[in-house]
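Chain by chain, the residues:
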Amino acid sequence: GQQLNQSPQSMFIQEGEDVSMNCTSSSIFNTWLWYKQDPGEGPVLLIALYKAGELTSNGRLTAQFGITRKDSFLNISASIPSDVGIYFCAGQLKTNNQFYFGTGTSLTVIP
Amino acid sequence: DGGITQSPKYLFRKEGQNVTLSCEQNLNHDAMYWYRQDPGQGLRLIYYSQIVNDFQKGDIAEGYSVSREKKESFPLTVTSAQKNPTAFYLCASNGLGGASNQPQHFGDGTRLSIL
């Protein structure tokens, strides 16, 4: 399957700090998505990006669709304890319109 | 409320037994997907369907089977041929069309364990 490299694999931060994570690929994507998954639950869509260079915010979350269409990043500002969870990126591959998922970034926020 | 419903939440399988996981959506989505998630790993695609009575194998289809007799339903059967079935199974769906398909939305998952 298609490989999406997501980093970092895990993060431990203090409450109030900003967080940044990213996904990269050697292939071109039409769409980039960012999801959050809580333990024992399904992933929930946070942000969807459809155009190269697009920068979209959802509250304290900001995500960008890379200019090369091969990468995307997600920033979380002023983290709070409820931000804890696993964050996944997903990209829709240009060649076949299928979605592929990163391996996730596990976020721990220390109060 | 519109959404994707997976059942049961927890399922136990005995040796040599087939089990079926249910996935129903009332979002009028054309496409439905089954993923397997193992601890600390990403999502791996088992099967997907873009239209009723048609489905395609994903990356890890061996030991699994599906059907798509109705648009809103996409059950997954874990057969006895799947030797390592313990995992968290996620169903997703999305609408199709245009240059970019709509984002996938997920159910709350079924955790399958071996007895």
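Scroll up to find the structure this text is about.
Reading the values: rules and limits
Residues numbered from 1 in each chain as written. Chains lettered and ligands numbered in written order. Predicted model: local features only at pLDDT ≥ 70, side-chain atom pairs only at ≥ 80, totals over all residues. Heavy atoms only, no water. Helix = DSSP H or I, 4+ residues; strand = E, 2+ residues; numbered from the N terminus. Rg over C-alpha atoms; globule rule 2.2 N^0.38 Å. Buried < 20%, exposed > 50% of the residue type's maximum accessible area, 1.4 Å probe, protein only. Contact = heavy atoms within 4.5 Å. Areas by Shrake-Rupley, 256 points an atom, 1.4 Å probe, with all protein chains shown as cover. Lys, Arg positive; Asp, Glu negative; His and termini not counted. Charge placed at Lys NZ, Arg CZ, Asp CG, Glu CD. Pairing = 2+ DSSP bridges. Core = buried A, V, L, I, M, F, W, Y, C linked by side-chain atoms within 4.5 Å. Salt bridge = Lys/Arg side-chain N within 4 Å of Asp/Glu carboxyl O. Polar contact = N/O pair within 3.5 Å; in protein donor to acceptor, adjacent residues only side chain to side chain. Buried area = accessible area lost by both parts, 1.4 Å probe. Nonpolar A, V, L, I, M, F, W, Y, C, P; charged D, E, K, R; others polar.

Turning next to the overall build of chain A. Scanning chain A for helices and strands turns up 0 helices and 11 strands. Mapped from its N terminus to its C terminus, chain A presents α and β elements in the order β-β-β-β-β-β-β-β-β-β-β. Computed over its C-alpha atoms, the radius of gyration of chain A comes to 13 Å, within 12% of the 13 Å expected for a compact globule of 111 residues. In terms of overall dimensions, chain A has C-alpha extents of about 45 × 25 × 20 Å along its principal axes. Evaluated residue by residue, chain A yields a buried proportion of 45% over its 111 residues. For chain A, restricting intrachain contacts to residue pairs at least 6 apart in sequence, the fraction spanning at least 24 positions comes to 54%. Surface accessibility of chain A: about 5000 Å² in total, with carbon and sulfur atoms responsible for 52%. For chain A, the distance from the average site of its 6 positive side-chain charges to the average site of its 8 negative ones is 16 Å.

Once that is clear, we can look at the pairing of strand β4 (residues 29-37) of chain A. Residues and elements named next belong to chain A. Buried residues dominate β4, accounting for 9 of its 9 residues. Sheet analysis places β4 next to strand β9 (residues 85-93), joined by 8 bridges and oriented antiparallel. Within β9, the position partnered with threonine 31 by the bridge is glutamine 92. Relative to strand β5 (residues 44-49), β4 is paired through 5 bridges, and the arrangement is antiparallel. Along β5, the bridge assignment pairs tyrosine 35 with leucine 45. Between β4 and β5, which follow one another and run antiparallel, lie 6 residues, and glycine 40 among them has a positive phi close to 75 degrees.

Let us look at the nonpolar core. Of all hydrophobic cores here, the largest spans 23 residues; its most connected members are A:Trp32, A:Leu74 and A:Leu107. Of all elements in the fold, only β2 (10-14), β3 (19-24), β4, β5, β7 (61-65), β8 (71-76), β9 and β11 (105-110) of chain A reach the threshold of two or more residues within this core. Residue contacts for A:Leu74: discarding those within four places in its chain leaves A:Val19, A:Ser20, A:Met21, A:Trp34, A:Ile47, A:Leu61, A:Thr62, A:Ala63 and A:Tyr87. Grouped together as the second largest cluster of nonpolar side chains are 20 residues, B:Cys23, B:Met32, B:Ala61 and B:Cys91 included.

For the rest of this paragraph, the subject is the side chain of B:Arg13. All names here are of chain B. Locating arginine 13 in the fold gives a position in strand β2 (residues 10-13). No salt bridge is formed by the buried arginine 13. Its closest oppositely charged neighbour is glutamate 15, at 5.1 Å. In this structure the side chain of arginine 13 is engaged in a polar contact, spanning 3.4 Å, whose partner is the backbone oxygen of glutamine 17. Ignoring anything within four residues of it in the chain, the contact list for arginine 13 reads Val19, Val78, Thr79, Ser80, Gln82, Pro85, Leu112, Ser113, Ile114 and Leu115.

What follows deals with the interface of chain B and chain A. Every contact between the two is made by 25 residues of chain B and, on the other side, 21 residues of chain A. In total, chain B and chain A occlude about 1700 Å² of area from one another, counting both sides; carbon and sulfur atoms represent 50% of this. The tally of links between chain B and chain A comes to 0 salt bridges. If you list the elements that add at least two residues to the side of chain B that touches chain A, you get β4 (31-37), β5 (43-51), β9 (87-94) and β10 (105-106) of chain B. Grouping the constituent residues of the side of chain B that touches chain A by class yields 10 nonpolar, 12 polar and 3 charged.

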